[in-house]
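# Chains, contacts and geometry: an overview
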Amino acid sequence: MAEKYIARSTAIAARMLGGEMMVMSAADSTFFTLNEVASAIWQAADGRTPLSEIVDGKICQEFEVDREQAQRGADRFVNELSEYGILLVSDQPLTDTSSSPESR
Amino acid sequence: MSLLAEMNQKALNLGLPISVHLDITYRCNERCVHCYLDHDDHGEMTTAEITNVLEQLSDAGVFFLSLSGGEVLMRRDFFEIVERARQLLFNVKVKTNGVMIHAKEAARLRQLGVEQIQISVYSHRPEVHDAITKLPGSLNKTIRAIRFLKAQGLKVTIANVLMAGNFSDQPGVIALARELGVAYTLDPTITPKMDGDTSTVALRIPGSELKQVFNNPELVGNVEEFCAPPPAPGEDIMDGFPCSAGHTACYISPYGDVFPCVQFPLPSGNVRRQKFLDIWRHSTQLKEVRSIRARDLPTCSSCAHVGTCTRCPGLAYMEGNMRGPSTADCEKSFQRTGIPSANMLKRTREGSMSPLIQIQSLVNSGQDGPLLVEENLLTA
């Protein structure tokens, strides 16, 4: 299966609030809150790290979840946010991350 | 509870500022008759200072950032400020009169991902709008700007401040908003000037017209529900606080002064001398604002409207006591429901306790004339 690379869209507003990431689309004002696991994926979405590596190196390590379960959850999360244009997904590294929003 | 309301509640529980209103200038190209600001530049923060403040606000957890003024585009570095704010991932709302927005500026705002633009429109008729802004041609320029912004797909809201002089044009502004395809919001609140001058208050719409506003389903939705008598307040109401000022929101002036809200001129610190978070966490003034609960309000705690009133602590502060009533909101509650506020009843009682005729003896006053002089045939 092809690798997935994910990067945060620049057309969003985001801020961490008490362990949860608030994200709002500037395009249509859709508002999301991400739980701790989703927030960790979000913060690791630098366009260069494959999603599988994020799941292995971050999610499984930090949250003690089963790898397959974590991968399924991550895929679902990425698909959903990409439908809203909140996350950009590619099978190639997204190299132009200079304009990516800062992760705060 | 909506997701946004949940986040607000969470910010409140964590003691975090989730919203900041930052005026980047008080300079303006309009001279609106009701404006509360002094438009001279008394030493605005530099670009570097504002950038530094934005970074501090981001670190403090601020999500919603309103950039306003004055007219924001009077600053040559306006787009630089917005760009930095967006790099820091704020949800940015810009308040402007739109006069200086052309196709290029609209495109830049879109490119930067500004979430919303709020534009003041006072009337659909140039002669009325321009008489308020004192800038000939301003309505046409503002409408042109709205079209440029809409063409970029930006979310625009027309803010219609209601005064005695433009009240009758309110349906025309609603129709204009509809024609332009933008949202409409109205505000009947005219505040005293920040220097304490209350002359602008005379521009407020009278109570009877306020009642018309509150009975207009197009503006308030379900009139019966909106104008319903207030329910008896429970313990949760008495333990509650009036608004987000100082709790999850605050205001920063172009000079770096921090206040609980733009309508609450209680100086609480200055970001030129202190770190924002130090002010937010340790300011004596903000702590005092946060400590006030509905049950602590000497008059309002016994008011039937205590749970539903839009009482503004900032307006109350400008009337002399942040724990006191805000008479403009007393009037709103009364016009909305027909039930007088505790403050109104108190004033009536105080008036009725005064003698209708005061008699002053002039015996031994050394003055010629009648021995009895009747003063104040009717006392207020």
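Residues numbered from 1 in each chain as written. Chains lettered and ligands numbered in written order. Predicted model: local features only at pLDDT ≥ 70, side-chain atom pairs only at ≥ 80, totals over all residues.

Turning next to the overall build of chain B. Within chain B, the secondary structure is distributed over 16 helices and 11 strands. On C-alpha atoms alone, chain B measures out to a radius of gyration of 23 Å, which is about the 21 Å that the 2.2 N^0.38 rule sets for 380 residues. Across its three principal axes, chain B shows a C-alpha extent of roughly 80 × 50 × 50 Å. A buried classification covers 40% of the 380 residues belonging to chain B. In chain B, once contacts between residues fewer than 6 apart in sequence are set aside, the share between residues at least 24 apart is 66%. (Helix = DSSP H or I, 4+ residues; strand = E, 2+ residues; numbered from the N terminus. Rg over C-alpha atoms; globule rule 2.2 N^0.38 Å. Buried ≥ 20, exposed ≤ 12 C-beta atoms within 10 Å, placed from the backbone. Contact = placed C-beta atoms within 7 Å.)

Helix and strand content of chain A: three helices and six strands. Counting helices and strands in the order they occur from the N terminus, chain A gives β-β-β-β-α-β-α-α-β. Relative to its length of 104 residues, chain A is compact, with a C-alpha radius of gyration of 13 Å against a globular reference of 13 Å. Dimensions of chain A, computed from the C-alpha atoms along their principal axes, are close to 35 × 30 × 20 Å.

Before going further, it helps to examine the sheet that holds strand β1 (residues 5–8) of chain A. Within a beta sheet, neighbouring strands are joined by backbone hydrogen bonds and run either parallel or antiparallel to one another. Residue and element names in this part refer to chain A. Taken in spatial order, the three strands make up an open sheet running β5-β1-β6, and their pairing is antiparallel. Edge positions in the sheet fall to β5 (46–50) and β6 (87–90), since each has one partner strand and no second. When the angles between neighbouring strand axes are averaged without regard to direction, this sheet yields 25°. Sheet topology note: the β1/β6 ladder contains four bridges and is antiparallel. Paired with Y5 across the two strands is S90, which belongs to β6. Packed onto the sheet, helix α2 (residues 51–63) meets β1 and β5 and runs at close to 70° relative to β5. (Pairing = 2+ DSSP bridges. Axes fitted to C-alpha atoms, helices over the stretch in contact; angles between N-to-C directions.)

In this complex, chain A contributes 16 residues to the contact, which on the side of chain B involves 18 residues. The set of elements that each furnish at least two residues to the side of chain A that touches chain B consists of β2 (12–17), β3 (20–25) and β4 (31–34) of chain A. In terms of residue count, β2 of chain A provides more of the side of chain A that touches chain B than any other element does, four residues in total. The residue inventory of the side of chain A that touches chain B, partitioned by class, reads nine nonpolar, four polar and three charged. (Nonpolar A, V, L, I, M, F, W, Y, C, P; charged D, E, K, R; others polar.)

Moving on: the nonpolar core. Judged by nonpolar contacts, the single largest core of 99 residues is most densely connected at L65, L67, F90 and L149 of chain B. Excluding residues within four positions of it along the chain, F90 of chain B makes contact with A13 of chain A together with S58, V62, F63, L65 and A85 of chain B. In terms of nonpolar packing, the next biggest core, distinct from the first, is built from seven residues, A294, C300, C303 and A342 of chain B among them. (Core = buried A, V, L, I, M, F, W, Y, C linked by C-beta atoms within 7 Å.)

This part takes up unusual backbone geometry. Negative phi is the rule for most residues except glycine; trans is the rule for most peptide bonds. All names here are of chain B. The backbone phi angle of L89 is positive, close to 70°, even though this residue is not glycine. Its 25 C-beta neighbours within 10 Å are what place L89 among the buried residues. Not every positive phi belongs to a glycine, and K134 is a case in point at roughly 60°. By secondary structure assignment, the location of K134 is in the loop between α5 (126–133) and α6 (138–151).

This part covers the packing of α5 of chain B against α6 of chain B. Residues and elements named next belong to chain B. At a closest axis distance of 8 Å, the pairing of α5 and α6 adopts a crossing angle of 100°. As judged from the angle between their axes, α5 and α6 are roughly perpendicular. Judged by residue contacts, P126, H129, D130 and T133 of α5 engage S138, L139 and N140 from α6. Its residues assigned to classes, the contact of α5 with α6 comprises two nonpolar, four polar and one charged. (Parallel < 35°, antiparallel > 145°, perpendicular 65-115°, else oblique.)

Further remarks concern the sheet that holds strand β5 (residues 156–161) of chain B. All names here are of chain B. A sheet is described by the order of its strands in space; here nine strands give the open sequence β6-β5-β4-β3-β2-β1-β7-β8-β9, paired in mixed fashion. Either end of the sheet is taken by a strand with one partner, and the two such strands are β6 (183–187) and β9 (269–270). Here two bridges tie strand β8 (residues 257–259) to β9, and the two strands are oriented antiparallel to one another. Bridging from a neighbouring strand, D257 pairs with N270 of β9.

With that settled, consider the confidence of the model for chain A. Low-confidence regions, as indicated by low pLDDT, have predicted coordinates that should not be scrutinised in detail. Confidence in the prediction for chain A averages 87 pLDDT; 90% of positions are at 70 or higher. Scored below 50 in pLDDT, residues 97–104 of chain A makes 24 contacts in the model with residues more than four places away or belonging to other chains. (pLDDT = per-residue confidence, 0-100.)

Another point: the environment of N13 of chain B. Residue and element names in this part refer to chain B. Tracing the backbone through its elements, the reader meets N13 in helix α1 (residues 3–14). What makes N13 exposed here is the crowd of 10 C-beta atoms within 10 Å. Remark: the alpha-carbon pair of N13 and T248, spanning 235 residues in sequence, is separated by 9.4 Å.

Here we come to the environment of Q118 of chain B. Residues and elements named next belong to chain B. Within the fold, Q118 resides in strand β4 (residues 116–120). Spatially, the C-alpha atom of Q118 lies 12 Å from that of G69, the residues being 49 residues apart in sequence. The contacts of Q118, once residues within four sequence positions are left out, are K93, K95, T157 and A159.

The next thing to look at is helix α1 (residues 36–44) of chain A. Among the residues of α1 of chain A, A38, S39, A40, I41 and W42 of chain A are the ones counted as buried. Summarising the contacts, the buried residues of α1 of chain A are in contact with β1, β2, β3, β4, α2 and α3 (67–83) of chain A.

In this section: the pairing of β1 of chain A. Remember that side chains alternate between the two faces of the sheet whenever the strand is regular. Residues and elements named next belong to chain A. Going residue by residue along β1, you find Y5 and A7 tucked away on one face and I6 and R8 tucked away on the opposite face as well. In terms of strand pairing, β1 meets β5 through two bridges, oriented antiparallel. Opposite A7, over in β5, you have D46 as the bridge partner.

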